[in-house]
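Here is how the chains run, residue by residue.
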Amino acid sequence: MPEIKKLVLDDPATQSADIAAENVQALEALFPEAFKEGGIDFDVLKQLLGAAVNDKEEKYGLNWHGKRKARQIALTPSTGTLLPCPDESVDWDTTQNLMIEGDNLEVLKILRKSYANKIKLIYIDPPYNTGNDFVYPDDFHDSLKNYLRITGQADGNGYKRTSNPESSGRFHTEWLNMMLPRLKLAHSLLHRNGVIIISIDDQEISNLRILCDEIFGSENFVANIIWEKGRKNDAKLVSNGHDYMLVYAKNKPALTENGVKWREAKPGAAEIQVEYLRLKAVYDSDNDAIQDGIREFYRGLPKDHPSKKLSRYGNVDERGIWRDDNMSWPGGGGPTYDVIHPISGKPCKVPEGGWRYSTPEKMQQMIEAGRVMFRADESESPIRKTYLVRGDEELDDEESDDQSDSEDVGIQVAGSYFYRSALQASSLMLSMFGAKIFNNPKDHEVLARWIGYATNGDKNAVVMDFFAGSGTTGHSVMALNAKDQGRRRYILVQLPEPLSEDDKDQKVAAKFCEKIGKAANIAELTKERLRRSSAKVREAAPSMEIDGGFRVYRLASSNIAAWEPEPTDLEGTLLANAEHLVPGRTEQDVLYELLLKLGLDLCVPIEKKDIAGKSVHSIGGGALIVCLADGLTKDTVETLANGIVAWWKELAPAVDTRVVFKDSGFADDVAKANMAAILNQNGILDVRSL
């Protein structure tokens, strides 16, 4: 007899992804002979792995008290959910951006079903462990309850927010225990060619590097970027004016697939190209006139203008703007074959370092492509044309050669060191808020640059920051999209860390929250930064279609009520649990929890239809169909069920559909059985109730 299976709180379908179970399944698929009677035979597994097994007692690595527990925390599923907050959002119906308020450990677990292997870039600016950072212990048994107690959403003598003084014997331990499970979850969210960038200072850089080697693999280390922010002359010995940006890949070889490189236009190159396009629109194919215009453009620039440094690009042909360059092999030792002068018919002088191109065939290819210019006669070596902006054809030519010319054109490779004064970000925040509400905010232009590198070739990439703070990452994504017409999305997560007017470092921020009528916590400031950044970006580019909105969600316990029997009043407990949904939760709250637990995107479209007088919702084009209506009797079930089947066939989802009802919505078991029978007979097999 068909039945509707009830969804309860400890059901895997109502929890976040069970990473440990997934790991066991993957291992069993690879080594089935190592599994006996539902368990792992480690002796057999070791034999199968052979020399790869390390049985040495002394092993290289980073160990600390609590590491095993911290690793286990990352594997423990969450029963929490994210409640939608449309009233706090901007452009709820159209935006693809997310701002989630809650403990990032729980949020990352909840998001895993929907976003595993989909995030192209994760940027985080975690607490630097300076001694005054906000720290709280993650609860091994139930970190969600811990979060609710800390933020005042639940009663009980829970953990209190505290600092992590350097005098503590567990100074580094507490920080590492906080970081490990979050980085483990971050790894699972990254796309195959995804990247994580972590800002940090000298306090924990050494520990973080070893920790990331363990989680991401030392072979996936990309770079340790030094961000110089300015010198402090009040230092007693050495002015420590820099931070680090530690960069790791999910799969480093995948970063350069399809010819992708981390490149950007050199400062000033874009302005030259804009002027070239303007002149071309005026003079069409008159390259001499365009060339005169470009040279006049250079002469009119101030001495410190970045385009002035590229004034060697003063020639114009049908391909664009170019400069003359030498034809010798970098570093010397290049080939010395004959290159025949087209007029004299004699071999040209070979450059001192040998020819730039590895074979005569390659040289001829570049000559025919117009990339080589001969001198008056063979007594001088030809010159190479290097273009400010290369088209696809030139790029293909260069990449097929032994020596790339990318360092010579108007683009540059990412560098491991850069300078950008910290005052610029602080000044911007001051101008946006009228008060210094954040200490040491990150620079959105710097982050936009690195987001551009890491999402190179993917303007629809998803960017995440689960230590959102001042919301700089969201601002950066919007600014970058405005610059290159991208459609990148951001997912930000921020703990609603309370702000107190009694704390001198938080007083200004707390008063600002009071001024704008918001709760005094950092998450509210993050949301306000996003609103103001959106307005600023849109104002600067009024003609651009920019997604300046964001959906707000808030971490909470599940909408499904937990079974907590009262030993002294079992009858009363049964009556109290007749309704399986938490009182006060809305239909929309339940819809988004079901969406998350099924692994759908939080911005997936939700359609609503009236069938047999009942509201029915289709989520993700029919991947999930939900009806939470009451009054489902045996007389109404047939009409409702047939209406759902007809809509399902119309939607024709590409995946198996789950249909969910409210258990208490059925008048009796007969109505429930009839609903299951009709849906099953028509091909809808996954039918559940709450």
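In the block above lies the structure referred to throughout.
Residues numbered from 1 in each chain as written. Predicted model: local features only at pLDDT ≥ 70, side-chain atom pairs only at ≥ 80, totals over all residues. Heavy atoms only, no water.

Examining the side chain of Gln-494
Cut-off, in case you're wondering: Counting from the N terminus, the helices are DSSP H or I runs at least four residues long and the strands are E runs at least two residues long. Here a polar contact means two N or O atoms within 3.5 Å. Within protein one must be a hydrogen donor candidate and the other an acceptor candidate, and residues neighboring in sequence count only if both atoms are side-chain atoms. The contact definition used throughout considers only heavy atoms, calling two residues in contact when any of these lie within 4.5 Å.
Take Gln-494: it is sitting in strand S18 (residues 489–494). Looking at Gln-494, its side chain comes within polar contact range of the main-chain nitrogen of Gly-469, at 2.6 Å. Aside from chain neighbours lying at most four places away, what touches Gln-494 is Met-99, Ile-100, Glu-101, Gly-102, Phe-467, Ala-468, Gly-469, Ile-522, Ala-523 and Thr-526.

Some points on a negative patch on the surface
We count it as follows: Residues qualify for a patch when their relative accessible area is over 30% and they have no salt bridge, like charges being joined within 9 Å and the nonpolar side chains of Val, Leu, Ile, Met, Phe, Trp and Tyr within 5 Å. Note on areas: Shrake-Rupley, 1.4 Å probe, and residue coverage restricted to the protein chains presented here. Only one rule defines a salt bridge in this text: a Lys or Arg side-chain nitrogen within 4 Å of an Asp or Glu carboxyl oxygen. We count Lys and Arg on the positive side and Asp and Glu on the negative side, and we leave His and both chain ends out. Working definition for charges: the position is that of NZ of Lys, CZ of Arg, CG of Asp or CD of Glu. Under the scheme applied here, a residue whose accessible area is under 20% of the maximum for its type counts as buried, over 50% as exposed, and between as partly exposed, the area being computed with a 1.4 Å probe on protein chains only.
Taken together, the side chains of Asp-284, Asp-286, Asp-288 and Asp-292 make up a negatively charged region of the molecular surface. Locating Asp-288 in the fold gives a position in helix H10 (residues 287–299). Given the relative accessible area of 55%, Asp-288 is considered exposed.

Observations concerning empty space enclosed by the protein
Definition in use: Every definition here rests on a 1 Å grid over the protein atoms only: cavities are sets of points where a 1.4 Å probe fits but cannot get out, pockets are open sets enclosed by protein on both sides within 12 Å along at least five of seven lines, and lining residues have some atom within 4 Å of a point. Grid points are joined across faces, edges and corners, and a volume is the space filled by probe spheres set on the points. Polarity classes work like this: nonpolar for Ala, Val, Leu, Ile, Met, Phe, Trp, Tyr, Cys and Pro, charged for Asp, Glu, Lys and Arg, and polar for all others, with Gly in that last group.
Per the stated rule, a full pass over the model turns up one cavity of 30 Å³ or more. Considering only enclosed or pocket space, the largest cavity measures out at about 40 Å³ in volume. If you go around the largest cavity, the residues you meet are Leu-7, Ala-13, Thr-14, Ile-560, Glu-593, Leu-594, Lys-597, Arg-658 and Leu-690. Here the lining of the largest cavity takes three residues from helix H19 (residues 587–598), the largest share from any one element. Residues that form the lining of the largest cavity fall into these classes: five nonpolar, one polar and three charged.

Examining the packing of aromatic side chains
The criterion, for reference: Put simply, two rings from Phe, Tyr or Trp (the six-membered ring, in Trp's case) pair if the centres are within 6.5 Å, and we call them stacked under 30 degrees between planes, edge-to-face over 60, tilted for the rest. Lysine and arginine charges are scored as sitting over a ring when NZ or CZ, respectively, is within 6 Å of the ring centre and within 35 degrees of the ring normal.
A complete count under the given rule lists 14 aromatic pairs for this structure. Note on Trp-92 and Tyr-553: the rings are 5.4 Å apart at their centroids and 45° apart in plane angle, and the pair reads as tilted. Separated by 461 residues along the polypeptide, Trp-92 in the loop between strand S4 (81–84) and strand S5 (98–101) and Tyr-553 in strand S19 (residues 551–556) bring together distant segments of the chain. Of the residues examined, Tyr-553 reaches a relative accessible area of 0% and is grouped as buried. Here the aromatic cluster, defined as three or more aromatic residues joined through ring pairs, consists of Trp-227, Trp-262, Phe-418, Trp-450 and Tyr-453. Its guanidinium or amino end placed over the ring of Phe-221, Arg-209 lies 3.6 Å from that ring's centre, counting from NZ or CZ. Directly above the aromatic system of Trp-227 lies the positively charged group of Lys-229, at a separation of 4.5 Å from the ring centroid.

Quick look at the sheet that holds S18
We count it as follows: Two strands qualify as a pair provided DSSP detects at least 2 bridges between them. Lines fitted to C-alpha atoms define the axes, with helix axes restricted to the stretch in contact, and inter-axis angles between N-to-C directions lie between 0 and 180 degrees.
Spatially, the ten strands line up as an open sheet ordered S4-S19-S5-S18-S17-S6-S7-S9-S8-S16, and their pairing is mixed. Only two strands of the sheet have a single partner each, and these edge strands are S4 and strand S16 (417–419). On average, adjacent strands in this sheet sit at an angle of 20° to one another, irrespective of strand direction. Relative to S19, S5 is paired through four bridges, and the arrangement is parallel. Note that in S19 the partner of Glu-101 across the bridge is Arg-554. Most of the contacts of helix H14 (residues 444–454) go to strand S6 (residues 119–124), to which it runs at about 150°, and overall it touches S6, strand S7 (190–200), strand S8 (221–228), strand S9 (242–249), S16 and strand S17 (462–465).

What to know about unusual backbone geometry
Backbone geometry places Asn-440, a non-glycine residue, at a positive phi of 55°. By the secondary structure assignment, Asn-440 is in the loop between helix H13 (422–433) and H14. Even without glycine at this site, Ala-612 takes up a positive phi of about 55°. By the secondary structure assignment, Ala-612 is in the loop between strand S20 (606–611) and strand S21 (614–619). By relative accessible area, which is 37% here, Ala-612 ends up partly exposed.

Comments concerning the pairing of strand S24 (residues 686–689)
Rule in force here: For a crossover, the right-handed case is the one in which the path from the first strand over the helix to the second runs clockwise, viewed with the strands pointing away from the viewer.
As judged from the two bridges shared by strand S1 (residues 5–6) and S24, these two strands associate in the parallel manner. Each bridged residue has a counterpart across the sheet, and for Lys-6 the counterpart in S24 is Ser-689. In this structure, strand S23 (residues 658–661) lies alongside S24, joined through four bridges in parallel fashion. Considered in S24, the bridge of Arg-658 is made with Asp-686. Following the backbone out of S23, through helix H21 (residues 669–681) and into the adjacent parallel S24, one traces a crossover that is right-handed.

Brief notes about the pattern of salt bridges
This model, assessed by the stated rule, comprises 34 salt bridges. Asp-91 is the partner of Arg-538 in a salt bridge, and the nearest nitrogen-oxygen pair spans 3.0 Å. Residue Arg-538 is found in helix H17 (residues 522–540), and its partner Asp-91 is found in the loop between S4 and S5; the two are separated by 447 residues along the sequence. Among the ionic pairs, Arg-658 bridges to Asp-686, the shortest N-O distance being 2.9 Å.

Quick notes on the sheet that holds strand S14 (residues 383–387)
The four strands are arranged S11-S12-S14-S13 in an open sheet whose pairing can be described as antiparallel. The open sheet is flanked by strand S11 (315–317) and strand S13 (372–373), the only strands paired with a single partner. As defined by bridge partners, S13 adjoins S14 across two bridges and the pair is classed as antiparallel. Bridge pairing in S14 places Met-373 opposite Ile-383. Strands in contact with helix H9 (residues 269–283) are S11 and strand S12 (320–325); relative to S12, the strand with the most contacts, it is inclined by about 125°.

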